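Examination of the molecular architecture
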Amino acid sequence: MEVLLIGAVLMIFAVLASAWLMTFARWFPVKGIDGDFLVDYKTLIRAHIDFALMALFCLGFYAVKVPLPIIACWLVVIGGLSNPGVFVIAAFDPDFWNKPVWRIYSALSFAITTIGFGWVCVSLSDYALSL
């Protein structure tokens, strides 16, 4: 289950990195970066929030100390990194939503996240009902 902690740390680093990038993009606009490189500031904000929420989920799942299947934990972490990653890529690629490769990536990410979180929820429910 330590993978949940490691994943949370990675997600928190992503929160920090996106915060710094957004701060510099707004306070110190650099020609060629803001508007050219970072094309969708609002979508990067979505990634920032999503990384924070996913980190909190990982920390919460770890903190309850309920034994969880390791594969489910891995799926939560992979989904917790890849799902906000959709927004990160979209923030830098103006044609993101029209490219088949990113549609496939988004669908796989969503499926992995759904399976991982669903599995963890079933595990938590089984534990609670067995008390």
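Residues numbered from 1 in each chain as written. Predicted model: local features only at pLDDT ≥ 70, side-chain atom pairs only at ≥ 80, totals over all residues. Heavy atoms only, no water.

**Focus: the overall build of the chain**
The condition that has to hold: Each helix is a run of H or I in the DSSP string that is no shorter than four residues. Each strand is a run of E no shorter than two, and both are numbered from the N terminus. Using a 1.4 Å probe on the protein chains alone, a residue whose accessible area is under 20% of its type maximum counts as buried, one over 50% counts as exposed, and one in between counts as partly exposed.
Within the chain, the regular secondary structure consists of 4 helices and 0 strands. Each helix and strand of the chain, ordered N terminal to C terminal, gives the series α-α-α-α. Taking the principal axes of the C-alpha coordinates as reference, the chain spans close to 60 × 30 × 20 Å. With 131 residues in all, the chain has 37% of them scored as buried.

**A closer look at the state of the cysteines**
Going by this rule: Here, the term disulfide refers to a pair of cysteine sulfur atoms separated by no more than 2.5 Å.
Scanning all chains against the criterion turns up 0 disulfides. Distance from the sulfur of Cys58, which forms no disulfide, to the nearest cysteine sulfur (Cys73) is 8.5 Å. Free cysteine: Cys121, not disulfide-bonded; nearest cysteine sulfur from Cys73 at 12 Å. Note on Cys121: relative accessible area 42%, which makes it partly exposed.

**Focus on helix α2 (residues 41-63)**
Our working rule: Take the number of residues in a helix, subtract one, and multiply by 1.5 Å to get its expected span. Working rule for contacts: check all heavy atoms of both residues, and any pair within 4.5 Å makes them a contact.
Over its 23 residues, α2 runs 33 Å from end to end, which matches the ideal 33 Å to within 8%, given 1.5 Å per residue. Taken together, the buried positions of α2 are occupied by Tyr41, Thr43, Leu44, Ala47, His48, Asp50, Phe51, Met54, Ala55, Cys58, Phe61 and Tyr62. The inward-facing, buried residues of α2 abut α1 (2-27), α3 (70-92) and α4 (100-129). At the C-terminal side of α2, Lys65 shows a positive phi close to 60°.

**A few points about the side chain of Ser109**
Considering the arrangement of structural elements, one finds Ser109 in helix α4. For Ser109, a relative accessible area of 3% corresponds to the buried category. Residues within four places of Ser109 in sequence aside, it is in contact with Gly79, Ser82 and Asn83.

**Regarding the pattern of salt bridges**
The following threshold applies: Note on definitions: salt bridges are taken to be side-chain nitrogens of Lys or Arg within 4 Å of carboxyl oxygens of Asp or Glu.
Overall, the coordinates contain 1 salt bridge when judged by the stated rule. Between Asp93 and Lys99 there is a salt bridge whose closest N-O contact spans 2.9 Å. Exposure remark for Lys99: the relative accessible area of 30% places this residue in the partly exposed category.

**So, the packing of aromatic side chains**
Heads up, the condition is: Within 6.5 Å between ring centres, the rings of Phe, Tyr and Trp (the latter by its six-membered ring) count as paired, and their orientation is classed by plane angle as stacked under 30 degrees, edge-to-face over 60, tilted in between.
Per the stated rule, a full pass over the model turns up 6 aromatic pairs. Ring plane angle 90° and centroid distance 4.4 Å describe the contact between Phe96 and Trp97, whose orientation is recorded as edge-to-face. Taking the centre distance of 5.9 Å and the plane angle of 20° together, the rings of Phe96 and Trp102 count as stacked. A connected cluster of aromatic rings, assembled from ring pairs, spans Phe96, Trp97, Trp102 and Tyr105.

**Some remarks on α3**
Applicable threshold: Note on bend: the value at a residue is the angle between axes fitted to the seven residues ending there and to the seven starting there.
Relative to the 33 Å expected for 23 residues at 1.5 Å per residue, α3 spans 33 Å between its end C-alpha atoms, a close match to the ideal helical length. Taken as a whole, α3 carries its principal kink of about 25° at Gly85.

**Some details on the confidence of the model for the chain**
Note the cut-off: Scored between 0 and 100, pLDDT is the confidence that the predictor attaches to each residue.
The predicted model of the chain averages 92 in pLDDT, with 93% of residues at 70 or higher. Mean pLDDT across the elements of the chain bottoms out in α1 (92) and peaks in α4 (97).

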